[in-house]
Amino acid sequence: TQLLEQSPQFLSIQEGENLTVYCNSSSVFSSLQWYRQEPGEGPVLLVTVVTGGEVKKLKRLTFQFGDARKDSSLHITAAQPGDTGLYLCAGALSNTGNQFYFGTGTSLTVIP
Amino acid sequence: NAGVTQTPKFRILKIGQSMTLQCTQDMNHNYMYWYRQDPGMGLKLIYYSVGAGITDKGEVPNGYNVSRSTTEDFPLRLELAAPSQTSVYFCASSYGAGVYYGYTFGSGTRLTVV
């Protein structure tokens, strides 16, 4: 069973376009993280959100945690080729838990 | 500043063979993890450790074993390799548990069992 589902699974867009990636679950999470992974490398942490409704911005990336803490979104404004990669969400079921459950991933390609 | 180092980078095993995937970190992190990544499935936790001498099972532990004799090292052992264990394996570490501690990942080991 997959605790976190991401959509879309694949996304190919032109440089300069905007996009949104979704991370959904039927479970409530105490926190949620977003990672970006490039080919041949491990995931790299982008952000952690912990409060329902929380919005965090990282340059052109905007992350939102759903009010009910069951979902999250990642919005990229004016995508650049350097944004290409696999985006993974990961949720923790408790505040002190050791386990983060990873989503299925969204593979983003930004075409110059 | 090496971070998390995994060896080997690639390996081909025959069915029934054994091997150990090595993982070492130089950040003095207490927590270490082993994940496998399969296409379209995200990362699944195999085993984790909260400190030297302490290990626990994750979501998919069958067919694997781990040990944690030092803070730095967390090797993953495959005793009888099966085709279902073909995957990319990632080791990760974190300073602590809880919401404010992100993972630092190694660059992965791509394993093929034939």
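This section reports on the structure supplied with the text. (Residues numbered from 1 in each chain as written. Chains lettered and ligands numbered in written order. Predicted model: local features only at pLDDT ≥ 70, side-chain atom pairs only at ≥ 80, totals over all residues. Heavy atoms only, no water.)

## Notes on the layout of surface pockets
If you add up the space inside the largest pocket, you get close to 650 Å³. Lining the largest pocket are 34 residues, with Gln37 and Leu86 of chain A together with Gln37, Val88 and Arg110 of chain B sitting closest to its centre. Of all the elements in the fold, those that place two or more residues in the lining of the largest pocket are strand 9 (85-92) and strand 11 (106-111) of chain A together with strand 9 (87-94) and strand 11 (109-113) of chain B. In terms of residues, the lining of the largest pocket owes the most to one element, strand 11 of chain B, which gives four residues. Among the residues forming the lining of the largest pocket, the class breakdown is eleven nonpolar, 18 polar and five charged. (1 Å grid on protein atoms, 1.4 Å probe; cavity = no way out; pocket = protein on both sides within 12 Å on 5 of 7 lines; lining within 4 Å. Points joined across faces, edges and corners; volume = space filled by probe spheres on them. Helix = DSSP H or I, 4+ residues; strand = E, 2+ residues; numbered from the N terminus. Nonpolar A, V, L, I, M, F, W, Y, C, P; charged D, E, K, R; others polar.)

## Quick word on the sheet that holds strand 7 (residues 61-65) of chain A
All names here are of chain A. Read across the sheet, five strands follow the order 1-3-8-7-6 without closing on themselves; strand pairing throughout is antiparallel. Of all strands in the sheet, those bounded by a partner on one side alone are strand 1 (5-7) and strand 6 (55-58). Adjacent strand axes in the sheet meet at a mean angle of 15 degrees when their direction is disregarded. Of the pairings in the sheet, the one linking strand 6 to strand 7 comprises four bridges and is antiparallel in character. Bridging from a neighbouring strand, lysine 57 pairs with threonine 62 of strand 7. (Pairing = 2+ DSSP bridges. Axes fitted to C-alpha atoms, helices over the stretch in contact; angles between N-to-C directions.)

## Observations regarding the pairing of strand 4 (residues 31-37) of chain B
Residues and elements named next belong to chain B. Counting buried positions along strand 4 yields seven of seven residues, so the element is predominantly enclosed. Relative to strand 5 (residues 43-51), strand 4 is paired through six bridges, and the arrangement is antiparallel. Each residue of the ladder has a partner; that of tryptophan 34, found in strand 5, is tyrosine 47. The hairpin turn running from strand 4 into strand 5, its antiparallel successor, is five residues long, and glycine 40 in that turn takes a positive phi close to 75 degrees. (Buried < 20%, exposed > 50% of the residue type's maximum accessible area, 1.4 Å probe, protein only.)

## Comments concerning the interface of chain B and chain A
It is common to give the size of an interface as the accessible area lost on bringing the parts into contact. Residue-level contacts link 26 residues of chain B with 27 residues of chain A. Between chain B and chain A, roughly 1,900 Å² of surface is buried when both sides are summed, and carbon and sulfur atoms account for 53% of that area. Inspection of the chain B/chain A interface yields zero salt bridges. Put simply, chain B and chain A have six residue pairs in polar contact (both at pLDDT 80 or more) between them. Looking at which element gives the most residues to the side of chain B that touches chain A, the answer is strand 5 of chain B, with five residues. (Contact = heavy atoms within 4.5 Å. Buried area = accessible area lost by both parts, 1.4 Å probe. Salt bridge = Lys/Arg side-chain N within 4 Å of Asp/Glu carboxyl O. Polar contact = N/O pair within 3.5 Å; in protein donor to acceptor, adjacent residues only side chain to side chain.)

## Regarding the state of the cysteines
Applying the stated rule across the entire model yields two disulfides over all chains. Bridging cysteine 23 of chain A to cysteine 89 of chain A, the disulfide has an S-S length of 2.0 Å. Classification of the bridge connecting cysteine 23 of chain A and cysteine 89 of chain A rests on its S-S torsion, roughly 80 degrees, and on that basis the disulfide is right-handed. In this pair, cysteine 23 of chain A is assigned in strand 3 (residues 19-24) and cysteine 89 of chain A in strand 9, connecting sequence segments 66 residues apart. Of the two residues, cysteine 23 of chain A and cysteine 89 of chain A, neither departs from the other in class, the shared state being buried. Cysteine 23 of chain B shares a disulfide with cysteine 91 of chain B; S-S distance 1.9 Å. Residues cysteine 23 of chain B and cysteine 91 of chain B are joined through a disulfide that is left-handed, its torsion about the S-S bond being -70 degrees. Remark: cysteine 91 of chain B occurs in strand 9 and cysteine 23 of chain B occurs in strand 3 (residues 19-25); sequence separation between them is 68 residues. Considered together, cysteine 23 of chain B and cysteine 91 of chain B belong to a single accessibility category, that of buried residues. (Disulfide = S-S within 2.5 Å.)

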